[in-house]
Amino acid sequence: MRTRLGLILIVASLTVAAVSQAQARQTPTAGSLGVVAKLIGRDSINDTLDRYGVAGADLGHTFLFKDELYMVFGDTFGIAGGDWRSNTMAVIADDDPSDGLSFDRMIEDAPGHAKELLSSKKIEHDEITVIPTYGIAIGDRLFLHYMSVHEWGAPGHWDLNSSGLAYSDDGGQTWTKDPGATWAGDSNFGQVAIVEVGDDVYFFGIPGGRYGGVHLARVGQDHLLDKDRYEYWDGSSWAPAGEATAQTIVPAPVGELSVRWSPYYHKWLMMYLDETKFGIVLRTADCLTGPWSDEQMIVTSADYPQLYAPYILPRWNDGPDLYFTMSQFGPYSVFLMRTELTGIAPSRVAPECVAPG
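From a predicted model like this one, the values you see are computed outputs, not experimental measurements.

Scoring rules and cut-offs
Residues numbered from 1 in each chain as written. Predicted model: local features only at pLDDT ≥ 70, side-chain atom pairs only at ≥ 80, totals over all residues. Heavy atoms only, no water. Pairing = 2+ DSSP bridges. Helix = DSSP H or I, 4+ residues; strand = E, 2+ residues; numbered from the N terminus. Axes fitted to C-alpha atoms, helices over the stretch in contact; angles between N-to-C directions. Phe/Tyr/Trp six-rings, centres within 6.5 Å; stacked < 30°, edge-to-face > 60°. Buried < 20%, exposed > 50% of the residue type's maximum accessible area, 1.4 Å probe, protein only. Lys NZ or Arg CZ within 6 Å of the ring centre and 35° of its normal.

K.L.:
Can you explain the sheet that holds strand E2 (residues 56–65)? Please cite residues and give values.
P.N.:
What the 4 strands build is an open sheet, ordered E2-E3-E4-E5; its pairing is antiparallel. Where the open sheet ends on each side, the last strands, each with one partner, are E2 and strand E5 (103–106). On average, adjacent strands in this sheet sit at an angle of 25° to one another, irrespective of strand direction. Sheet topology places E2 next to strand E3 (residues 68–77); 8 bridges connect them, and they run antiparallel. Counterpart to Phe65 in the pairing with E3 is Glu68.

K.L.:
Lay out the packing of aromatic side chains with the relevant residues and their values.
P.N.:
If you walk through the whole model with that rule in mind, you get 18 aromatic pairs. When the ring of Tyr134 is compared with that of Tyr311, the centres are 6.2 Å apart and the planes differ by 65°; the resulting orientation is edge-to-face. A residue pair is termed long-range when its members are at least 10 positions apart, and Tyr134 in strand E8 (residues 129–138) and Tyr311 in strand E22 (residues 307–312) qualify at 177 residues. The exposure class of Tyr311 is buried, given its relative accessible area of 3%. Judged by centre distance (4.7 Å) and plane angle (90°), the ring pair of Tyr264 and Tyr265 falls under edge-to-face. Residue Tyr264 is classed as partly exposed on the basis of its relative accessible area of 39%. Here the aromatic residues Trp183, Phe189, Phe203, Tyr230 and Tyr232 are joined through ring pairs into a cluster of three or more. In this structure, Lys122 is placed above the aromatic ring of Trp84, and the distance from its NZ or CZ to the ring centre is 5.6 Å.

K.L.:
A description of the pairing of E2 should follow, citing residues and the corresponding values.
P.N.:
E2 sits mainly inside the fold: 9 of its 10 residues count as buried. Between E2 and E3, which pair antiparallel and follow one another directly, the connecting turn spans 2 residues, one of which, Lys66, has a positive phi of 50°.

So, in structure tokens, the structure goes:
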């Protein structure tokens, strides 16, 4: 995520180039790591330029809806940086990630053209774009958390107008931004990872940019759009008094992040970009609230320049292999990655630690 001009220049190149304590002692390490497949672009396994008019896009966070995997992208471009859409979405029925993820379809506004889901003004110093940061399905309704970007700043820095929730009741074809379900531009929930456990939905939040720490909120799944029903983790209990009570559970700097439960290790996994280390890192925890282990480097920019936005998939994490999507700004594309984790001792989680199942 950079300035629009930068994105245009990068996408244009696609036409000529392919391309704590106890926890700390159980810090994970990455085994073999590699690209499974390129998912976006003319030379991707999905041939998205010819099929959907998508030469480049980033992010690629995912959620499940009716046994299909929905993958959501940020700023999306056609050939040579034209045909700018602030966000798009693919639907995946593929049940084997070992050779990549084949798109069954993308949400379209015309045959062969991926649709912009959430509109934006596309005006610098006003609202340059609207980026979905995570999604979830509750019953028959889809939700996207999004951020309205006021302007891009220096690398890793951007200012938000606000963030909020949008919903769709027709499988992602049309969306409504709920005016009551918003956070202020300086909120620590400008970007989120979302986890559903039982009847509750948990939001791991960071502010706009890549230099904040993680706060944690929860709300009943039937009240996702009611900001007055949210509770915030204050370090020892769930406080309904408001966002100001939230305490940091993972220290800065944390960039785009994802959180998933690993039934194999019986632990929570958190993956994000550490901009200061030029790499994607992983932490583990027995409990959603922490304590979270020390960071372990999973992949660095030395091997994958300008990497960012790691999102663990909601499926296929019931073994030692971990699948996640990762963006690279240079080729401006999303890649499916796979790594094998080692050094994690499986644990038995106490009921109060909020494990699924």
